Amino acid sequence: MTITPETDAKIRFGLWGFISGAGAAMIIGFVWGGWTTSSTTLKMSEEAVIASEAAICVAQFKAAPGYTTALKELQDTDSYNRSSLIEKGGWDKMPGQEKAAWGVSGACATRLEATLKAGA
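Note that the structure is a prediction, hence the values are computed from the model and not measured.

J.: So what exactly am I meant to see when it comes to the overall build of the protein here?
T.: From N to C terminus, the protein includes five helices and zero strands. Scaling as 2.2 N^0.38, a compact globule of 120 residues should have a C-alpha radius of gyration of about 14 Å, whereas the protein reaches 27 Å, well beyond that. Projected onto the principal axes, the alpha-carbon positions of the protein cover approximately 90 × 35 × 20 Å. Classification of the 120 residues of the protein by burial places 21% in the buried group. Residue pairs at least 24 apart in sequence account for 58% of intrachain contacts in the protein once pairs closer than 6 positions are excluded. As displayed, the protein has an accessible area near 8700 Å², and 63% of this comes from carbon and sulfur atoms. The positive charge centre, built from 11 side chains, and the negative charge centre, built from 12, are 3 Å apart in the protein.

See the structure below:
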């Protein structure tokens, strides 16, 4: 079986059309379609976990006995030492955890600073 020049051109243009279409679909999918790579998805999920744990940390801080004293102490502490204060108080630990996840105390301190500024 011989391939005619017309068939050869159809195959060539069809193949290039397929490749171009696949490339365009990937570009559109990643730019506008919301597709993400696995590393981006992992980073987003870790950020979401820290945000939810920071909210729990703030709630535990506010529900703790001596809240006003702890809030005054937090207010008097330098901003770069506030996460250490939260770690000492144990508010960054989630119920059932012995050790807090990395980054929770910093995110909790940031949220509590926003609470302080809103209350001032």
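Structure's up, so let's keep going.
J.: What exactly am I supposed to notice about the packing of aromatic side chains here?
T.: The description of an aromatic ring pair uses the distance of the two centres, along with the angle that the planes make with each other. Under the definition given, this model contains three aromatic pairs. With a centroid separation of 5.9 Å and 80 degrees between ring planes, the pair formed by Phe-61 and Tyr-67 is classed as edge-to-face. For Tyr-67, a relative accessible area of 24% translates into the label partly exposed. The interplanar angle of 75 degrees and the centroid separation of 4.6 Å between the aromatic rings of Phe-61 and Trp-91 together place this pair among those described as edge-to-face. Placement of the pair is Phe-61 in helix H2 (residues 38–63) and Trp-91 in the loop between helix H4 (82–89) and helix H5 (104–119), with a sequence separation of 30 residues. Exposure class is identical for Phe-61 and Trp-91. Each is buried. Grouped by ring-pair contacts, the aromatic residues Phe-61, Tyr-67 and Trp-91 constitute a single cluster.

J.: In this structure, what is going on with the nonpolar core? I would like to understand it.
T.: It is characteristic of soluble globular proteins that their nonpolar side chains tend to be buried jointly. Of all hydrophobic cores here, the largest spans 16 residues; its most connected members are Cys-57, Phe-61, Leu-74, Ile-86, Trp-91, Cys-108 and Leu-112. Of all the secondary structure elements, the ones that give two or more residues to this core are H2, helix H3 (67–76), H4 and H5. Sequence-distant contacts of Leu-74, defined by excluding residues within four places in its chain, comprise Phe-61, Arg-82, Leu-85, Leu-112 and Leu-116.

J.: Explain the packing of H2 against H5 to me, please; I cannot follow it from the model alone.
T.: To characterise two packed helices, one gives the angle between the axes of the helices and the distance between these axes. As a packed pair, H2 and H5 sit with axes 8 Å apart at the nearest point and diverge in direction by 60 degrees. Relative to H5, the element H2 is oriented oblique. Crossing hand, H2 versus H5: right-handed. Of the residues in H5, those touching H2 at Ile-50, Ala-51, Glu-53, Ala-54, Ala-55, Cys-57, Val-58, Phe-61 and Lys-62 are Val-104, Ala-107, Cys-108, Arg-111, Leu-112 and Thr-115.

J.: Please clarify how the pattern of salt bridges should be interpreted in this entry.
T.: A side chain with one charge can pair with a side chain of the opposite charge if their charged atoms come near. One pass over the full model with this rule turns up three salt bridges. In this structure, Arg-12 and Asp-8 form a salt bridge, with 3.1 Å as the shortest nitrogen-oxygen distance. Taken together, the residues span about one helical turn, with Arg-12 and Asp-8 both in helix H1 (residues 5–31) at a distance of four residues. Overall, Asp-8 belongs to the partly exposed group, its relative accessible area being 33%.

Rules and cut-offs
- Residues numbered from 1 in each chain as written.
- Predicted model: local features only at pLDDT ≥ 70, side-chain atom pairs only at ≥ 80, totals over all residues.
- Heavy atoms only, no water.
- Helix = DSSP H or I, 4+ residues; strand = E, 2+ residues; numbered from the N terminus.
- Rg over C-alpha atoms; globule rule 2.2 N^0.38 Å.
- Buried < 20%, exposed > 50% of the residue type's maximum accessible area, 1.4 Å probe, protein only.
- Contact = heavy atoms within 4.5 Å.
- Areas by Shrake-Rupley, 256 points an atom, 1.4 Å probe, with all protein chains shown as cover.
- Lys, Arg positive; Asp, Glu negative; His and termini not counted.
- Charge placed at Lys NZ, Arg CZ, Asp CG, Glu CD.
- Phe/Tyr/Trp six-rings, centres within 6.5 Å; stacked < 30°, edge-to-face > 60°.
- Core = buried A, V, L, I, M, F, W, Y, C linked by side-chain atoms within 4.5 Å.
- Axes fitted to C-alpha atoms, helices over the stretch in contact; angles between N-to-C directions.
- Parallel < 35°, antiparallel > 145°, perpendicular 65-115°, else oblique.
- Left-handed = near helix turned anticlockwise from the far one by under 90°.
- Salt bridge = Lys/Arg side-chain N within 4 Å of Asp/Glu carboxyl O.

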